[in-house]
Amino acid sequence: MTAKLGVVGAGGGGAAATSVLGSALPSAEITVFEKSRGVCGRAAARRRNGIVYEYGANYLSDAGGRVSELVTGELDDRLVEVDGPVWTFNADGEISRGGSDGERRWTYEDGITRLAKHLLGRSGAVVNRETRVVDINYEDDWRLTTADGEEHGPFGALLLNPPAPQTADLLSETGRASADRLGEAAQEVEYHTGWTAVLGYDFALDLPYYGLANVDGEHPVSWIGREEKKPGHVPARRSVLIVQASPEWASARYEDAPEENVTDLAEHAARIVGDRRLATPDWTDHQGWRYAFAAGSVDDEPLGEAAQDGIYVTGDWVAEESRLDAAIRHGL
Ligand SMILES: Cc1cc2nc3c(=O)[nH]c(=O)nc-3n(C[C@H](O)[C@H](O)[C@H](O)COP(=O)(O)OP(=O)(O)OC[C@H]3O[C@@H](n4cnc5c(N)ncnc54)[C@H](O)[C@@H]3O)c2cc1C
């Protein structure tokens, strides 16, 4: 009998796990359900007038091991290395030369989402985009319901990739105590909120670094990255800054008017970088992240019990590190 497997979420973790399942079980029917139009979840990219920019995960770190091997091997089509070092700044916005020169950081010429596209492409799975799963239940086998009211299944096993609070919503009153217990454990995982301003300029910037990271966690800005340092992302004589707010700033201002938030972050960027022109970008974009970074994980026990009943979870919160490379490593 053909094994039928369902995957909820096509983030880095879900896409990596799907690719492994596709290779290990070539005769299995694997169906992926992804609520968004794009894949790769919080590793997200947009396009605008010939510019590609990443407004979630900025890059994939070269953390070594299987992920680096895979990315530089089978998944290297359109892979590019981010050019330039990451320097640091403190609570007063004073910049210091960072210690990370020489570290490799990757993305793709056409956006970091290419990573999940590569992984899913080789899995042989059917990927349903813009298809939100709203309910999961067990009756002899696993079934799930999507937002359009359609029921899918039966599945022999389900793999869930959404952030812990969204996984918890799905693993509630499923009809299987082990799955519900995992849902309760996932509900306890806390998250930091995030907020990203994208600032576009019709001029080039001449700076000695790719990114600036706040080291003491005391500044309203946690990160400034330059998309033009990613080959293929920004045409000549233009610049794009990605400014990420600190978790404290992001939670305090999450519901505030986006234009005001963008203006505030642009002002901070201008002060930190030391260039007044940066306070008035030529175009902007923004994104709030309710569940940006997992600040905890779950115990092995509920994970193991649910797995025995055919419910698996993957992603950064299970990997115990809120990084793209960790999510992928866990999925693999
Ligand atoms: C602003 C920001 C900056 C970051 N910067 C970096 C960085 O520079 N480097 C780095 O390594 N990491 C970075 N990270 C962290 C990194 O993005 C995450 O750790 C990683 O992408 C998590 O992958 P995941 O597979 O665990 O989950 P996700 O990427 O969250 O994927 C979950 C998927 O599930 C889908 N989904 C959710 N609910 C449902 C549902 N009900 N039905 C169907 N689909 C559903 C979502 O749409 C999503 O595609 C950053 C994160 C943020 C927010």
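Relevant structure appears above.
## Let's talk about the layout of surface pockets
Approximately 260 Å³ is the volume found for the second largest pocket. What lines the second largest pocket is a set of 15 residues, among which Ala17, Leu21, Leu159, Tyr312 and Gly331 lie closest to the centre. Breaking the lining of the second largest pocket down by element, the ones donating at least two residues are strand S1 (4-8), helix H1 (12-24), strand S14 (157-160), strand S20 (311-313) and helix H10 (324-331). A per-class count over the lining of the second largest pocket returns 11 nonpolar, 4 polar and no charged.

## Description of the environment of Asp83
When you line up the elements, Asp83 lands in the loop between strand S6 (79-81) and strand S7 (86-89). A relative accessible area of 44% places Asp83 in the partly exposed class. Along the sequence, Asp83 and Ile272 sit 189 residues apart, while their C-alpha atoms lie 20 Å from each other. Non-local contacts of Asp83, meaning those with residues more than four positions away in its chain, are made with Tyr210 and Lys229.

## Re the environment of Val7
Residue position: Val7 is located in strand S1. Separated by 86 residues in the primary sequence, Val7 and Gly93 have C-alpha atoms spaced 43 Å apart. Ignoring sequence-local partners within four residues, the contact set of Val7 consists of Gly14, Thr18, Ile30, Thr31, Val32, Phe33 and Leu159.

## Observations concerning the packing of H1 against helix H3 (residues 114-121)
Angle between the axes and distance between the axes are the two parameters that describe a pair of packed helices. Where H1 meets H3, the closest approach of the two axes is 8 Å, and the angle between their N-to-C directions is 25°. In terms of their interaxial angle, H1 and H3 are classed as roughly parallel. When you trace H1 past H3, the crossing you get is left-handed. Contacts from Gly12, Ala15, Ala16, Thr18 and Ser19 of H1 reach H3 at Ala116, Leu119 and Leu120. Of the residues assigned to the contact of H1 with H3, the class counts are 5 nonpolar, 3 polar and no charged.

Cut-offs used in this document
Residues numbered from 1 in each chain as written. Predicted model: local features only at pLDDT ≥ 70, side-chain atom pairs only at ≥ 80, totals over all residues. Heavy atoms only, no water. 1 Å grid on protein atoms, 1.4 Å probe; cavity = no way out; pocket = protein on both sides within 12 Å on 5 of 7 lines; lining within 4 Å. Points joined across faces, edges and corners; volume = space filled by probe spheres on them. Helix = DSSP H or I, 4+ residues; strand = E, 2+ residues; numbered from the N terminus. Nonpolar A, V, L, I, M, F, W, Y, C, P; charged D, E, K, R; others polar. Buried < 20%, exposed > 50% of the residue type's maximum accessible area, 1.4 Å probe, protein only. Contact = heavy atoms within 4.5 Å. Axes fitted to C-alpha atoms, helices over the stretch in contact; angles between N-to-C directions. Parallel < 35°, antiparallel > 145°, perpendicular 65-115°, else oblique. Left-handed = near helix turned anticlockwise from the far one by under 90°.

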